[in-house]
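Next come the chains, spelled out residue by residue.
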Amino acid sequence: MAGNIALLIVDRSMRGTARDGSELDMSGTATDVVRRGPDGQWRYVIDNPHGTA
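Residues numbered from 1 in each chain as written. Predicted model: local features only at pLDDT ≥ 70, side-chain atom pairs only at ≥ 80, totals over all residues. Heavy atoms only, no water.

Engineer: Can you help me understand the pattern of salt bridges in this one?
Structural biologist: Pairs can form between side chains of opposite charge once their charged atoms are near each other. Enumeration according to the criterion identifies two salt bridges in this entry. One salt bridge in this structure joins R15 and D25, with 3.5 Å as the shortest N-O distance. Of the two residues, R15 is situated in strand 1 (residues 5-17) and D25 in strand 2 (residues 23-36); the sequence distance between them amounts to ten residues. No difference in accessibility class separates R15 from D25, as the two residues are exposed. (Salt bridge = Lys/Arg side-chain N within 4 Å of Asp/Glu carboxyl O. Helix = DSSP H or I, 4+ residues; strand = E, 2+ residues; numbered from the N terminus. Buried < 20%, exposed > 50% of the residue type's maximum accessible area, 1.4 Å probe, protein only.)

So this is what it looks like as structure tokens:
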């Protein structure tokens, strides 16, 4: 974090069953940049669900 800006790096994974019965196995790393507003709330500046892919 640098002042009111932060970089978020999140490893994510999801397993389940699709509507057609096939198995789902998805994973990756998401990166986001957020900024804290005058009201103290964090808001997304950049939302990158694909991260480093």
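Engineer: Just checking my understanding: could you explain the environment of G28 for this structure?
Structural biologist: Its place among the elements puts G28 in strand 2. Judged by its relative accessible area of 23%, G28 falls in the partly exposed class. When the C-alpha positions of G28 and I46 are compared, they lie 17 Å apart, and in sequence the two are 18 residues distant. When sequence neighbours within four positions are dropped, the list of residues in contact with G28 reads V10, D11 and R12. (Contact = heavy atoms within 4.5 Å.)

Engineer: In this structure, what is going on with the sheet that holds strand 2? I would like to understand it.
Structural biologist: Paired through backbone hydrogen bonds, the strands of a sheet run either parallel or antiparallel to each other. Here we have three strands laid out as an open sheet, ordered 1-2-3, and antiparallel in their pairing. Sheet topology places strand 1 and strand 3 (42-48) at the edges, where each strand pairs with a single neighbour. With strand direction ignored, the average angle separating the axes of adjacent strands in the sheet is 35°. Where strand 2 and strand 3 come together, six bridges link them in antiparallel fashion. Paired with V34 across the bridge in strand 3 is Y44. (Pairing = 2+ DSSP bridges. Axes fitted to C-alpha atoms, helices over the stretch in contact; angles between N-to-C directions.)

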